[in-house]
Amino acid sequence: MRKLLVATMLAASCSALPVQAATIVVGNGDAGNAIPFGGSDGGDKTQYQQVYSSKSFAKPVLIRSISFQRVGGGTTLAESMVKLAVSTTSAAVDGLSTDFTVNIGPNSRTVFSGALQPKLVGNILKFTFSTPFRYVPRNGNLLLDFKFNNYRTPEEAVLFRSNTGNAGGLYSSMHDFGPLNVRARNSSDGFIGNGLVTTFDTAAIGPVPEPGTWAMMILGFGVIGSAMRSARRKQTMRIRFA
C-alpha cells in the first residue's frame with residue numbers, strides 16, 4: 001500500500017513540472033524593421049505591442065526569454081528604458097485595438113524592466129525574463145507589451161527581421177512609432193501582417209494535477225509519515241525489551 005501511494009504521488013507531482021526545453025521561432029519574414037528597438041523618425045515612441053497566434057504553440061509552455069535578430073543597418077540600439085509585460089489576450093491577430101489597454105490580458109505580468117542593451121551580441125537582441133511566464137494556448141493569444149521611456153533614436157537605424165504585411169496570421173503589431181503613428185491612433189489597417197520575427201526560449205509543461213490528485217498526494221504523505229513513525233516506535237520497543 002505504501003509503495004503504491006509513493007508511486008502515485010511521484011507520478012502526479014512530475015506531471016506538473018517542466019519536462020523539455022524548446023526553441024520556438026514565430027515568423028518567416030525576410031524584411032527589416034527598425035521599430036521599436038532600432039530607431040524611429042517620428043511618433044510618440046512610448047509603446048509597442050505584438051500579438052501572436054496561439055496556433056504557433058502546440059502545448060502549454062514556460063517562456064523564459066525572447067529574442068530578435070538584426071538583419072541590417074547600424075549596431076547601436078535606441079537609448080531607452082524598457083518595461084516588458086506578457087499576457088494571454090482575447091485580442092485577435094490583425095485585430096489589435098488602437099487603445100493599448102484594451103489589448104492587455106488579465107494575467108499581465110512584467111517580466112523585464114531595464115535599459116535597452118547598448119550593443120547587440122551576435123546580432124541578437126535578447127530579453128531574459130525575471131520570472132518565466134506560463135502560457136496556455138487554449139486560453140487565448142499571446143501578447144507582448146513594450147513600454148518605453150526617454151526614447152532616443154540612434155544615428156543609424158538598426159533593422160530587425162520582420163514581416164511587412166505578409167505575416168499570414170502568425171502575428172501583428174500596434175504602436176505609436178514612426179510616420180504610421182497617425183494611422184495607429186485611427187486605424188489598425190497599417191499594422192495588419194506586420195511584426196518582428198520572434199524566438200521564444202521555452203520549457204514544456206505537463207498537465208497540472210486535478211484537485212483530487214492533490215488530495216491523494218496529501219493523504220499519501222500523511223499515511224506514509226504515520227507508518228514511518230509507527231515503524232520507528234516498534235523498532236525502539238524491540239531494542240528496549242530485547
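Relevant structure appears above.
Residues numbered from 1 in each chain as written. Predicted model: local features only at pLDDT ≥ 70, side-chain atom pairs only at ≥ 80, totals over all residues. Heavy atoms only, no water.

A short note on the pattern of salt bridges
Here's step 1: Inspection of the entire model under this criterion finds 2 salt bridges.
Here's step 2: The residue D201 makes a salt bridge to R64 at a minimum N-O spacing of 3.3 Å. With a gap of 137 residues between them, D201 in strand β12 (residues 198-205) and R64 in strand β4 (residues 61-73) connect regions that are remote in the sequence.
Here's step 3: Between E79 and R152 there is a salt bridge, with its nearest N and O atoms 3.6 Å apart. Linking E79 in strand β5 (residues 79-89) with R152 in strand β8 (residues 141-152), this pair joins segments that are 73 residues apart in sequence.
Here's step 4: A relative accessible area of 48% means that E79 is categorised as partly exposed. (Salt bridge = Lys/Arg side-chain N within 4 Å of Asp/Glu carboxyl O. Helix = DSSP H or I, 4+ residues; strand = E, 2+ residues; numbered from the N terminus. Buried < 20%, exposed > 50% of the residue type's maximum accessible area, 1.4 Å probe, protein only.)

Considering unusual backbone geometry
Here's step 1: Cis geometry is adopted by the peptide bond preceding P36, which originates at I35 and carries an omega value of 10 degrees.
Here's step 2: Summarising the element assignment, P36 is placed in the loop between β2 (31-33) and β3 (43-52).
Here's step 3: Despite not being glycine, K45 has its phi angle at roughly 60 degrees, a positive value.
Here's step 4: As for its placement among the helices and strands, K45 is situated in strand β3.

Quick look at the nonpolar core
When a protein is soluble and globular, its nonpolar side chains tend to lie buried together.
Here's step 1: Judged by nonpolar contacts, the single largest core of 38 residues is most densely connected at F37, I66, F127 and F146.
Here's step 2: Grouped together as the second largest cluster of nonpolar side chains are 8 residues, V51, L96, F100 and M174 included. (Core = buried A, V, L, I, M, F, W, Y, C linked by side-chain atoms within 4.5 Å.)

Comments concerning the packing of aromatic side chains
Here's step 1: Per the counting criterion, the structure on display carries 18 aromatic pairs.
Here's step 2: In this structure an aromatic cluster arises from ring pairing among F37, Y48, F68, F112, F127, F146, F148, Y151, F160 and F177. (Phe/Tyr/Trp six-rings, centres within 6.5 Å; stacked < 30°, edge-to-face > 60°.)

Here we look at the pairing of β8
Here's step 1: Strand direction decides the pairing type here: β3 and β8, joined by 6 bridges, are antiparallel. Along β8, the bridge assignment pairs Q47 with K147.
Here's step 2: Relative to β8, β5 runs antiparallel, the two sharing 10 bridges. Considered in β8, the bridge of K83 is made with K147. (Pairing = 2+ DSSP bridges.)

Regarding the environment of N103
Here's step 1: Here N103 lies in helix α2 (residues 100-103).
Here's step 2: Measuring from C-alpha to C-alpha, the distance between N103 and D145 comes to 9.1 Å, with 42 residues separating the pair along the chain.
Here's step 3: For N103, the contacting residues outside a window of four places in its chain are Q49, T89, A91, L96, S97 and L143.
Here's step 4: Polar side-chain contacts of N103 include one of 2.7 Å to the side chain of Q49. (Contact = heavy atoms within 4.5 Å. Polar contact = N/O pair within 3.5 Å; in protein donor to acceptor, adjacent residues only side chain to side chain.)

Description of the side chain of S67
Here's step 1: Among the structural elements, S67 can be located in strand β4.
Here's step 2: Setting aside anything within four residues of it in sequence, one finds S67 in contact with I124, L125, K126, V197, T198 and T199.

Regarding the environment of P137
Here's step 1: Relative to the assigned elements, P137 resides in the loop between β7 (124-135) and β8.
Here's step 2: Each C-alpha atom, one on P137 and one on K55, is 7.3 Å from the other, the two residues being 82 residues apart in sequence.
Here's step 3: Each residue touching P137, except ones within four places of it in the same chain, is listed here: S54, F57, K59 and P60.

Some words on the pairing of β3
Remark: a regular strand shows side chains that alternate across the two faces of the sheet.
Here's step 1: Across the 10 residues of β3, 7 count as buried, placing the element largely inside the fold.
Here's step 2: Alignment of β3 against strand β10 (residues 171-177), held across 6 bridges, turns out to be antiparallel. Within the sheet, the bridge partner assigned to Q49 lies in β10 and is M174.

Some points on the sheet that holds strand β6 (residues 109-115)
Here's step 1: Strand order in the open sheet formed by 5 strands is β6-β5-β8-β3-β10, and the pairing between neighbours is antiparallel. The sheet is open, and its two borders are formed by β6 and β10, each paired with just one other strand. On average, each strand axis in the sheet is inclined to that of its neighbour by 15 degrees, with strand direction left out of account. (Axes fitted to C-alpha atoms, helices over the stretch in contact; angles between N-to-C directions.)

Observations concerning the environment of V25
Here's step 1: Topologically, V25 is positioned in strand β1 (residues 18-26).
Here's step 2: A relative accessible area of 46% means that V25 is categorised as partly exposed.
Here's step 3: Distance from V25 to F68, taken between C-alpha atoms, is 9.8 Å for residues 43 residues apart in sequence.

Overview of the side chain of H175
Here's step 1: Relative to the elements of secondary structure, H175 occurs in strand β10.
Here's step 2: For H175, a relative accessible area of 6% corresponds to the buried category.
Here's step 3: At 3.0 Å, the side chain of H175 and the backbone nitrogen of F177 are in polar contact.

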